[in-house]
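Letter by letter, the chains look like this.
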Amino acid sequence: MAETAKYWGVLFMALAAFLVPTSLIFLSHIFSKIRIRPKPDSEKNVSRGAPYESGMTPVGTARVKFNFRFYLFALLFLIFDVEVLFIFPWAARFLHLGFEAYVAMLPFLMLVLIGFLYEWKKEALEWK
Amino acid sequence: MQMLLFNMVVLILVTPILLLIYANKEPLIQYTSQDVFNGINFFIGLFILISFLLFVTTMLTYVERRLVARMQNRIGPNRVGPFGVLQGFADLIKLITKEDLIPTLANRNIFSLAPILIMSPVLLMFAVIPILPGFTIADLDIGIFYVVAITSLGSLGVFAAGWASNSKYSLYGAVRGVAQLVSYEVPLVLSICTIVLLSGSLNLIEIAEAQEIPFILVQPVAFLIILFSVAAELNRTPFDINEADSEIVAGFHTEYSGTKFALIYGTEYLAAFGWSLVIAILFFGHLGPGIGGFLMLMAKTSIILFLFFWFRGTWPRVRIDQILAIAWKIMFPLATINIIITAGEILFVQSIFNINPGNALGLQPLAIITIINIILFAGLLVILSFVKGLGQFDKGPKRYVPDIEGVN
């Protein structure tokens, strides 16, 4: 009970964390209503609302293709982050668990390392 | 050294406010659900914490500009207020009263939501950090896990900002940023696991209290990995390709102006402060009671913050392939092997000193682990210097080499 009660604090912190940036943006809107800051006029002026491309007229759309290796690294991250999640509870209780836990974890870590070396050998980590 | 002291002094400026309110309350309150609903105390505490954080953020923008200016042999901002200390507030007022420009092609809703998505997780991170000993919004048992989980939400905001801007610079910045944030999370969390192994708890206060010897001595490798991973998570200089000014203007926040830019820009400093606090708690020993403990914690935090600012003043930026190579080819194997070695050492020490399973490691067992680890660290340094640093990982695109007679 005591542990779950603490999460009320997290909830209120979350509300505060949402309200702080929102209120700042809202404050800025109020400033525009009472003419402290200029109103946005990007609709009126074409070049003001255009995406920034070093002062040139923008060429084509910005929804361009990007290097597929970013996707590859995202996949790698997924695999290894799941591994990390598996390690966390083991690490937190390791002082209690002793030798058996070590023996149980070692093959898993070795498996991950061997898989990692295989990826390295297959040049999944290269950027060419 | 002078600069370091200066940094600390600025950070500690805000202490009197906290002193006034919490001086008579030893031991400080631990909040329960009843306090949340009955006591006004909780909300006063929350309000103080948030104002303290915003104050620190504003001051840090000034501190960094001033420090980096000194390192580059400039003077830096010195006009607004004594020594220019009010520069941050002047910038904030200027940015809030500026026009809030939204590009016509942008996805308006996501564009406006992205700064909130970037800032909220970083503010939420402070819910579990014991800034004043005993004064935490929520002293969770899974503290460090919560920090890791919450801060990884930030990459969502980065990508939302970059995609919704509908600008090529923003998109490239966002894509690079997400690849980098995601890659450095793995060694970061693995190294945190080694600390959890040694302390046997995920609670930040318990981790701090488990440090009979500061973990920076017990785990130098984990400290370095976490330091550089955090530098990458914060887009600090050696790893700041996603907002590299000379390549892609300002990266994912190219199109932002006014208040939204202020939010994104401030969040970087807030995150730097938060992660420095976490590192200080994880590695620099006990927290200490009362106001003295708070001052010590701030001093430790300033050292880490100063390191980050120092990186900015010293190091050039590395390429995207080098960044990912450092994360995956050096840090990840190192962190995994470090976990295996540390767990083995704990078993070894437990059997030598006859520590019952479940008991914390005392001073002498930690000292033995420290000695072994420092020897291993020295060996690692020697090996790394033999393989000539990053040279062997440099397999990027071939550079243009001018064909001059006598050179090639």
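Here is what the cut-offs are and how they apply
Residues numbered from 1 in each chain as written. Chains lettered and ligands numbered in written order. Predicted model: local features only at pLDDT ≥ 70, side-chain atom pairs only at ≥ 80, totals over all residues. Heavy atoms only, no water. Helix = DSSP H or I, 4+ residues; strand = E, 2+ residues; numbered from the N terminus. Buried < 20%, exposed > 50% of the residue type's maximum accessible area, 1.4 Å probe, protein only. Contact = heavy atoms within 4.5 Å. Areas by Shrake-Rupley, 256 points an atom, 1.4 Å probe, with all protein chains shown as cover. Salt bridge = Lys/Arg side-chain N within 4 Å of Asp/Glu carboxyl O. Nonpolar A, V, L, I, M, F, W, Y, C, P; charged D, E, K, R; others polar. Core = buried A, V, L, I, M, F, W, Y, C linked by side-chain atoms within 4.5 Å. Polar contact = N/O pair within 3.5 Å; in protein donor to acceptor, adjacent residues only side chain to side chain. Axes fitted to C-alpha atoms, helices over the stretch in contact; angles between N-to-C directions. Parallel < 35°, antiparallel > 145°, perpendicular 65-115°, else oblique. Left-handed = near helix turned anticlockwise from the far one by under 90°. pLDDT = per-residue confidence, 0-100. Expected span 1.5 Å × (residues − 1).

K.L.:
Help me out: how do you make sense of the overall build of chain B in this one?
P.N.:
Broken down by element type, chain B carries 17 helices and zero strands. For chain B, the residues scored as buried account for 60% of the 408 residues in total. Sequence-distant contacts, at least 24 apart, represent 77% of the contacts inside chain B between residues at least 6 apart. When the accessible surface of chain B is split by element, carbon and sulfur atoms take 67% of a total near 16,300 Å².

K.L.:
Before we go on, may I ask you to explain the interface of chain A and chain B in this structure?
P.N.:
Contacts between the two partners involve 74 residues from chain A and, on the opposite side, 91 residues from chain B. Our enumeration of links across chain A and chain B arrives at zero salt bridges. Where the side of chain A that touches chain B is concerned, the elements lending two or more residues are helix H1 (2-33), helix H2 (46-49), helix H3 (69-92), helix H4 (94-97) and helix H5 (99-121) of chain A. Looking at which element gives the most residues to the side of chain A that touches chain B, the answer is H1 of chain A, with 21 residues. Here the side of chain A that touches chain B is composed, by residue class, of 51 nonpolar, ten polar and 13 charged.

K.L.:
Can you help me understand the environment of Met59 of chain B in this one?
P.N.:
Here Met59 of chain B shows up in helix H4 (residues 41-71). Here the alpha-carbon distance between Met59 of chain B and Pro115 of chain B, two residues 56 residues apart in the chain, equals 20 Å.

K.L.:
When you look at unusual backbone geometry in this model, what are you seeing that I'm missing?
P.N.:
Excluding glycine, residues mostly have negative phi values, and the peptide bonds linking residues are mostly trans. Residue and element names in this part refer to chain B. For Asn73, which is not a glycine, the phi torsion comes out positive at approximately 60°. Relative to the helices and strands, Asn73 is located in the loop between H4 and helix H5 (87-96). A relative accessible area of 73% places Asn73 in the exposed class. Phi at Phe83 is positive, roughly 55°, even though this residue is not glycine.

K.L.:
I'm lost on the nonpolar core in this one. Help?
P.N.:
What tends to happen in soluble globular proteins is that the nonpolar side chains get buried as a cluster. Counting residues in hydrophobic clusters, the biggest one holds 146 residues, and the most contacted among them are Trp90 of chain A together with Phe126, Ile129, Ile131, Phe273, Phe283 and Trp328 of chain B. Not counting chain neighbours up to four residues away, the residues in contact with Phe126 of chain B comprise Met13 of chain A together with Leu49, Leu53, Ile131, Leu270, Phe273, Gly274 and Leu277 of chain B. By size, the runner-up hydrophobic cluster in this structure holds 14 residues, among which are Ala114, Ala174, Leu181 and Tyr256 of chain B.

K.L.:
What is the right way to look at the side chain of Gln180 of chain B in this model?
P.N.:
Residue and element names in this part refer to chain B. Position of Gln180 among the secondary structure elements: in helix H9 (residues 168-199). Judged by relative accessible area, which is 0%, Gln180 ranks as buried. From its side chain, Gln180 meets the backbone oxygen of Ala232 in a polar contact 2.8 Å long. At 2.7 Å, the side chain of Gln180 and the backbone oxygen of Phe239 are in polar contact. Discounting chain neighbours no more than four positions away, the residues touching Gln180 are Ala232, Asn235, Phe239, Ile241, Asn242 and Ile323.

K.L.:
Is there a simple way to explain the packing of H3 of chain A against helix H16 (residues 320-353) of chain B in this structure?
P.N.:
If you want to describe how two helices pack, look at the angle between their axes and the distance between the axes. Two elements in contact, H3 of chain A and H16 of chain B, have axes separated by 13 Å at closest approach and are oriented at 15°. Relative to H16 of chain B, the element H3 of chain A lies roughly parallel. Crossing of H3 of chain A over H16 of chain B shows left-handed handedness. Facing H3 of chain A, whose interface residues are Phe70, Phe73, Leu76, Phe77, Phe80, Glu83, Ile87 and Trp90 of chain A, H16 of chain B presents Ile320, Leu324, Trp328, Phe332, Ile339 and Ala343 of chain B. For the contact of H3 of chain A with H16 of chain B, the residue count by class is 13 nonpolar, no polar and one charged.

K.L.:
Hey, could you run me through the confidence of the model for chain B in this one?
P.N.:
Residue and element names in this part refer to chain B. In this model, chain B carries a mean pLDDT of 80, and residues with pLDDT of at least 70 account for 84%. When the criterion is pLDDT under 50, residues 1-9 qualifies, and its contacts beyond four places in sequence or with other chains add up to 17 contacts. Scored below 50 in pLDDT, residues 14-38 makes 45 contacts in the model with residues more than four places away or belonging to other chains.

K.L.:
Would you explain helix H12 (residues 220-233) of chain B in this entry?
P.N.:
Along an α-helix, residues three or four apart share an orientation, since each turn contains 3.6 residues. All names here are of chain B. Its 14 residues place the ends of H12 20 Å apart at the C-alpha level, agreeing with the 20 Å of an ideal helix rising 1.5 Å per residue. Taking burial as the measure, the 14 residues of H12 include twelve buried ones, the bulk of the element. Residues of H12 that are buried: Pro220, Val221, Ala222, Phe223, Ile225, Ile226, Leu227, Ser229, Val230, Ala231, Ala232 and Glu233. Where H12 is buried, its residues contact H9, helix H11 (215-218), helix H14 (258-283), helix H15 (290-314), H16 and helix H17 (363-386). A positive backbone phi angle near 55° is found at Asn235, which sits one or two residues after H12.

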